[in-house]
Amino acid sequence: MERLQALEAWAARQLGQESVDIAPASADASFRRYFRVTAKGRDYIVMDAPPAHEDCGPFIAVARLFGDAGVHVPEVLAQDLNQGFLLLTDLGHTTYLSALNEGTARELYLAANDALIRIQLASGPGVLPDYDRALLTRELMLFPEWYVTRHLGVTMKDDQKAILDTVFERLLANNLAQPQVYVHRDWHSRNLMVSDPNPGILDFQDAVYGPITYDLASIYRDAYVQWDEEQQLDWVIRYWEKARAARLPVRQDFGDFWRDFEWMGAQRHLKVLGIFARLYHRDGKDGYLKDMPLVMHYLRSVCGRYDELKPLLLLLDSLQDRQPQVGYTF
């Protein structure tokens with residue numbers, strides 16, 4: 001309460017008011033909180049990022065970087081890094097997730113593709129942290145630590161660990177061989193806003209320089225909304241065609257690009273399962289448990305499609321006490 005009062009007083013000073021109306025806008029999976037404040041008939045967003053846990057510097061830097069690339073991000077109107085407070089322009093109330101339906105999806109997703117291409121065209125090495133082997137590996141290790149050990153309560157045997165290590169190496173080899181661009185890293189329906197221009201882009205402070213398919217896997221294999229694979233394929237092809245025309249370094253063969261997309265998605269889904277489990281077991285946030293089955297569905301589907309990843313599918317069966325499903329084609 002004391003911190004909220006300090007935040008409210010700070011926002012009022014920045015806006016030249018004695019007081020402001022303040023209400024929760026959203027919270028994310030970190031220690032950051034967002035509040036909507038109203039002054040002079042206009043809405044603003046105030047970010048509360050406790051310095052002991054969060055650093056506002058990357059948010060400010062990436063907001064400038066992506067804004068210069070020509071996409072719609074919040075403008076930083078005022079900052080107090082010692083307290084961890086930012087005053088931002090408001091991108092509105094409507095997330096992609098709340099607006100998506102059969103009638104709106106095409107327009108919204110193609111706008112997201114266009115914005116992603118603009119960000120990627122601005123890419124250059126040495127500006128953002130590298131999405132390197134060490135970082136990709138740390139993310140993968142969230143799966144055995146938090147999902148398998150803590151969530152499933154399973155202690156893996158040596159042969160199971162060996163299977164996981166082998167598949168991890170195969171995923172990493174693919175991920176690291178992909179062309180490198182700026183990666184938002186959480187490019188999905190909860191972080192894209194219906195706005196003018198569309199989309200408004202949030203939660204970009206963890207952006208890195210890494211595999212070109214990562215953000216596509218985030219949005220089209222979204223943990224919070226599911227589309228059938230034929231529709232995913234259509235949107236990814238449309239991205240790939242525009243990216244090629246813009247001379248982005250995508251694979252020349254779409255089959256190779258789709259494989260990269262799927263394998264990148266597998267890395268992300270392993271990470272997400274670990275993060276969702278950690279949010280529950282360490283942080284007491286149970287809201288993500290309901291999203292785990294969809295993430296596992298994506299992971300299992302990809303592992304079943306590629307011989308190199310099938311050992312992971314069998315491992316998942318054994319960890320979850322499931323029998324392999326035998327399918328027949330005629």
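Residues numbered from 1 in each chain as written. Predicted model: local features only at pLDDT ≥ 70, side-chain atom pairs only at ≥ 80, totals over all residues. Heavy atoms only, no water.

A look at helix α1 (residues 2-14)
One turn of an α-helix holds 3.6 residues; hence residues three or four places apart share an orientation. Heads up, the condition is: The secondary structure listing takes helices from DSSP runs of H or I that are at least 4 residues long and strands from runs of E that are at least 2 residues long, numbered from the N terminus. By this rule, a helix spans an expected 1.5 Å times one less than how many residues it contains. Exposure classes here rest on a 1.4 Å probe applied to the protein chains alone. A residue is buried below 20% of its type maximum, exposed above 50%, and partly exposed in between.
Look at α1: 19 Å from first C-alpha to last across 13 residues, which is about the 18 Å you get at 1.5 Å a residue. Buried within α1 are the following residues: Leu7, Trp10, Ala11 and Ala12. At the exit of α1 stands Gly16, carrying a positive phi of roughly 70°.

Side note on the confidence of the model for the protein chain
Rule in force here: Residue-level confidence of the predictor is what pLDDT reports, using numbers from 0 through 100. The contact rule is simple, with two residues in contact once any of their heavy atoms fall within 4.5 Å.
In the predicted model, the protein chain carries a mean pLDDT of 94, and 96% of its residues have values of at least 70. Within the model, the stretch residues 323-330 combines pLDDT values under 50 with three contacts to residues more than four positions away or in other chains.

Description of the pairing of strand β2 (residues 33-39)
As a reminder, the rule being used: Strand pairing is assigned whenever DSSP detects at least two bridges linking the two strands.
Of all seven residues making up β2, five are buried, and the element is well covered by its neighbours. As judged from the seven bridges shared by β2 and strand β3 (residues 42-48), these two strands associate in the antiparallel manner. Looking at β3, one finds that Ala39 is bridged to Arg42. Joining the antiparallel neighbours β2 and β3 is a turn of two residues, in which Lys40 adopts a positive phi near 55°.

Considering helix α9 (residues 229-245)
Note the threshold: Starting at the helix axis, one direction is taken to each C-beta atom, and the arc is that of these directions. Any pair of N or O atoms that falls within 3.5 Å is considered a polar contact. Within protein, one atom must be able to donate a hydrogen and the other to accept it, and sequence-neighbouring residues count only if both atoms are side-chain atoms.
Taking 1.5 Å as the rise per residue, α9 with 17 residues should run 24 Å; its terminal C-alpha atoms sit 24 Å apart, in good agreement. Of the residues making up α9, those classed as buried are Gln232, Trp235, Val236, Tyr239, Trp240 and Ala243. Down the axis of α9, the buried set is contained in an arc of 140°. They therefore lie on one face. Turned more than 90 degrees away from the buried face of α9, the exposed residues are Glu230 and Ala245. Where α9 is buried, its residues touch α4 (105-121), α8 (214-220), α10 (254-281) and α11 (292-305). Capping the start of α9 is the job of one residue whose side-chain oxygen sits 3.2 Å from the backbone nitrogen of Glu230: Asp228. Arg247 sits one or two residues past α9 and shows a positive phi near 65°.

Thoughts on the environment of Ser218
In this structure, Ser218 sits in helix α8. The spacing of Ser218 and Lys285 is 67 residues in sequence and 21 Å in space, taken between C-alpha atoms. Those residues in contact with Ser218 that lie beyond four places of it in its chain are Trp187, His188 and Arg268. Here Arg268 takes part through its side chain, which lies 3.3 Å from a polar atom of the side chain of Ser218.

Points about the packing of aromatic side chains
Definition in use: Within 6.5 Å between ring centres, the rings of Phe, Tyr and Trp (the latter by its six-membered ring) count as paired, and their orientation is classed by plane angle as stacked under 30 degrees, edge-to-face over 60, tilted in between. Should the NZ of a Lys or the CZ of an Arg lie within 6 Å of a ring centre and within 35 degrees of the ring normal, that charge is described as sitting over the ring.
Per the stated rule, a full pass over the model turns up 19 aromatic pairs. With a centroid separation of 6.3 Å and an interplanar angle of 70°, the aromatic rings of Tyr182 and Tyr209 are classed as edge-to-face. Pair noted here: Tyr182 is in strand β6 (residues 180-183) and Tyr209 is in strand β9 (residues 208-211), with a separation of 27 residues, a long-range link. Just as Tyr182 is buried, Tyr209 falls in that class too. Among the aromatic side chains, those forming a connected cluster through ring pairs are Tyr239, Trp240, Phe254, Phe257, Trp258 and Phe261. When the ring centre of Tyr131 is taken as origin, the NZ or CZ atom of Arg185, which lies over that ring, is 5.1 Å away. Seen from the ring of Tyr224, Arg190 lies directly overhead, with NZ or CZ sitting 3.8 Å from the centre.

Thoughts on the pattern of salt bridges
The line we're drawing: Take a side-chain nitrogen of Lys or Arg and a carboxyl oxygen of Asp or Glu: if they are within 4 Å of each other, that pair is a salt bridge.
In this structure the tally under the stated criterion is 21 salt bridges. Notably, a salt bridge pairs Arg133 with Glu169, separated by 3.2 Å at the nearest N-O pair. Note that Arg133 is positioned in helix α5 (residues 133-140) and Glu169 in helix α7 (residues 158-177), a separation of 36 residues in sequence. The exposure class assigned to Arg133 is partly exposed, which follows from its relative accessible area of 39%. Take Glu169: its relative accessible area is 42%, and that puts it in the partly exposed class. Residues Asp317 and Arg300 are paired through a salt bridge, measuring 2.7 Å at the closest nitrogen-oxygen approach. Of the two residues, Asp317 is situated in helix α12 (residues 310-319) and Arg300 in helix α11; the sequence distance between them amounts to 17 residues. Take Asp317 and Arg300: they sit in the same class, and that class is buried. Each of Arg221, Glu229, Glu262 and Arg305 takes part in salt bridges that share partners, so that together they form one network.

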